[in-house]
Amino acid sequence: DVKDAAKAQFLIVVGDNEITRKNGIDVIPYAGAPSPGATLRDGGYYAIFLDFTKIPSLRLLRGVCCHEWGHAATGALHKVSSPYELWERSEYRANRYMAQTFLKVEDFQEAFDAGYTEPWQLAEYFELPEQDVKNALSYWTERKGIVFH
C-alpha cells in the first residue's frame with residue numbers, strides 16, 4: 001500500500017533504521033558530490049551518500065533515496081568511467097527495483113481509482129519526483145504490458 005511504501009522511503013532517508021542496519025548500509029551526508037545521491041560498495045559493505053545541497057525538497061529526497069536503495073538492493077553499480085551501456089543498465093535496474101518496490105501496480109491502480117491520472121498528479125499523490133513516477137509507469141505499461149483502467 002502507498003502508506004507502507006512512503007514509510008519505507010522515509011526510513012531509508014533517516015539512515016539509522018531496520019532496513020539499512022539489516023542490510024549493512026550506511027546513509028552518509030556528503031556536500032559537494034557531483035549528484036544528489038550516489039551508492040558505493042566496498043566488498044559487501046554499501047553506503048548511500050546524499051548531497052543535501054542538491055536536494056531542495058522532501059519529494060526529491062524521497063526519490064533519490066528510493067533510487068539509490070535500488071542500486072544497493074540490486075548491486076547495480078558501475079564505475080564513473082564505465083561505458084554508457086553499463087551505466088544505463090545499472091540505472092535501469094535501480095529504476096526497475098524502485099517501481100517493483102515503491103510504485104507497484106496496485107499503488108498505481110489505487111491512485112487511478114482515486115482520480116489521479118496525470119503524471120504531475122501521480123507525483124503529488126506518491127510524493128515523489130514526476131520523472132520517477134514516469135519511469136515506473138513506463139516500466140509497468142511498456143515493459144510489463146499492464147493496462148490501467
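Residues numbered from 1 in each chain as written. Predicted model: local features only at pLDDT ≥ 70, side-chain atom pairs only at ≥ 80, totals over all residues. Heavy atoms only, no water.

S.K.: Tell me about the side chain of Arg-62, and please be specific about residues and values.
M.R.: The topology assignment puts Arg-62 in helix α3 (residues 58-74). Buried and unpaired, Arg-62 has no salt bridge, with Glu-127 as the nearest side chain of opposite charge at 4.2 Å. Separated by 3.1 Å, the side chain of Arg-62 and the backbone oxygen of Phe-126 make a polar contact. (Helix = DSSP H or I, 4+ residues; strand = E, 2+ residues; numbered from the N terminus. Buried < 20%, exposed > 50% of the residue type's maximum accessible area, 1.4 Å probe, protein only. Lys, Arg positive; Asp, Glu negative; His and termini not counted. Salt bridge = Lys/Arg side-chain N within 4 Å of Asp/Glu carboxyl O. Polar contact = N/O pair within 3.5 Å; in protein donor to acceptor, adjacent residues only side chain to side chain.)

S.K.: Give me the lowdown on the layout of surface pockets, citing residues and values where you can.
M.R.: In this model, the largest pocket occupies a volume close to 590 Å³. Put simply, the parts of the chain that give the lining of the largest pocket at least two residues each are β2 (37-42), α3 and α4 (84-102). For the lining of the largest pocket, the element with the most residues is β2, which contributes five residues. Class assignment of the residues belonging to the lining of the largest pocket gives a composition of eleven nonpolar, six polar and four charged. (1 Å grid on protein atoms, 1.4 Å probe; cavity = no way out; pocket = protein on both sides within 12 Å on 5 of 7 lines; lining within 4 Å. Points joined across faces, edges and corners; volume = space filled by probe spheres on them. Nonpolar A, V, L, I, M, F, W, Y, C, P; charged D, E, K, R; others polar.)

S.K.: Talk me through the side chain of Ser-82; I want residue IDs and the actual numbers.
M.R.: Looking at the secondary structure, you find Ser-82 in the loop between α3 and α4. Within the structure, the side chain of Ser-82 is placed 2.9 Å from the backbone oxygen of Lys-79, a separation counted as a polar contact.

S.K.: Please set out the packing of helix α5 (residues 105-113) against helix α6 (residues 119-126) residue by residue, giving values where relevant.
M.R.: Two numbers describe how α5 lies on α6: the axes approach to 11 Å, and their chain directions differ by 110°. When the interaxial angle is binned, α5 and α6 end up roughly perpendicular. The way α5 lies across α6 gives a crossing that is right-handed. Facing α5, whose interface residues are Asp-107, Phe-108, Glu-110, Ala-111 and Phe-112, α6 presents Leu-122, Tyr-125 and Phe-126. By residue class, the composition of the contact of α5 with α6 is six nonpolar, no polar and two charged. (Axes fitted to C-alpha atoms, helices over the stretch in contact; angles between N-to-C directions. Parallel < 35°, antiparallel > 145°, perpendicular 65-115°, else oblique. Left-handed = near helix turned anticlockwise from the far one by under 90°. Contact = heavy atoms within 4.5 Å.)

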